[in-house]
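Next come the chains, spelled out residue by residue.
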Amino acid sequence: MASVLLDLLLPQRCVACGFPGVQVCGTCLGALPRLRGPRCERCCAPTAWPVRRCLECAGRRLAFARARSAVVYDESVRRLVHAWKDRGLRHLSAAAAVVTAEALEHDGEPLVFVPPDAERRRGRGHHPAAALARELGARWDVPVVSLLTRTSGGARQRGLTLAERRANVRGAFTAARSPPAVVLVDDVYTTGATAHAAASALRRAGARRVEVVTFARAVRGYTVTTQA
Ligand SMILES: [Zn+2]
Ligand SMILES: [Zn+2]
């Protein structure tokens, strides 16, 4: 409710360029760095040529069959995601869904979303992953089901190493009985640790195939000031 009021009261400006009247303008949306070109089929990391496993995911046990993302998590996307997550700018969910649905095909599986951590749940009713899943569900005309629950508080992943992230989210989710194939939606794929933990819970709950879809993906070589 608070974010609805803020939407009405605050003058709207594009979060990226400051252009008045919108939360993000068409020019800035169009300029977001799309993940194009050869990628790893499994984890979506950009590669020199198409591969089924890459340096980033080879040897890792991942509970999801593949992960796909629409844009590179660079500085411009970081600013947008920050405004989306922390300022609760609701129109950005729709904008992120438009960009994601343009970039990725969908085969009709129901969507599930990564639930918010305790800190975020306490802070605000706004939850980007759920909002993105709802917007994508409407665009792809598929149901969105709320199957996942966090069992542990799970400290924020920000600033942790891969090993720490894995330990932090291990066993962090439980899932209600899952359809055999689902697509797990989240806002940002950083190391895949959260997606793996959530997909593990879905697999334990009956899913035979879990795919992951995120709006943005962290890519080595692109540096940002903080990790989401
Ligand atoms: Zn703009
Ligand atoms: Zn890979």
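A short tour of the structure in this document, coming up. (Residues numbered from 1 in each chain as written. Chains lettered and ligands numbered in written order. Predicted model: local features only at pLDDT ≥ 70, side-chain atom pairs only at ≥ 80, totals over all residues.)

**Things to note about the pairing of strand 5 (residues 181–189)**
Regular strands place side chains that alternate from one sheet face to the opposite one.
Phase 1 of the analysis: In terms of burial, strand 5 is largely enclosed, as eight of its nine residues are buried.
Phase 2 of the analysis: Here three bridges tie strand 2 (residues 111–113) to strand 5, and the two strands are oriented parallel to one another. Bridging from a neighbouring strand, Val112 pairs with Leu184 of strand 5.
Phase 3 of the analysis: Note: strand 5 against strand 6 (residues 209–217), eight bridges, orientation parallel. (Buried ≥ 20, exposed ≤ 12 C-beta atoms within 10 Å, placed from the backbone. Helix = DSSP H or I, 4+ residues; strand = E, 2+ residues; numbered from the N terminus. Pairing = 2+ DSSP bridges.)

**Re the pairing of strand 1 (residues 66–72)**
Phase 1 of the analysis: The element strand 1 is largely enclosed, with a buried count of five among its seven residues.
Phase 2 of the analysis: Direction of pairing for strand 1 relative to strand 6: parallel, over a ladder of six bridges. Of the residues in strand 6, the one forming a bridge with Ser69 is Thr214.

**Some thoughts on unusual backbone geometry**
Phase 1 of the analysis: Despite not being glycine, Cys44 shows a phi value in the positive range, around 75°.
Phase 2 of the analysis: Structurally, the position occupied by Cys44 is in the loop between helix 2 (26–31) and strand 1.
Phase 3 of the analysis: Its identity is not glycine, yet Asp141 carries a phi of approximately 60°, on the positive side.
Phase 4 of the analysis: When you line up the elements, Asp141 lands in the loop between helix 6 (128–140) and strand 3 (148–150).

**Overview of the sheet that holds strand 2**
Phase 1 of the analysis: Here four strands make up an open sheet; going across it, the order is 1-6-5-2 and the pairing parallel. Two strands in the sheet have a free side with no partner beyond their single neighbour: strand 1 and strand 2. Strand-to-strand twist across the sheet, computed as the mean angle between neighbouring axes with direction ignored, equals 25°.
Phase 2 of the analysis: Sitting on the sheet, helix 3 (residues 75–86) is in contact with strand 1, strand 5 and strand 6, with an inclination near 105° to strand 5.
Phase 3 of the analysis: In the packing of helix 6 onto the sheet, the strands contacted are strand 2, strand 5 and strand 6, and the crossing angle to strand 5 comes to about 130°. (Axes fitted to C-alpha atoms, helices over the stretch in contact; angles between N-to-C directions. Contact = placed C-beta atoms within 7 Å.)

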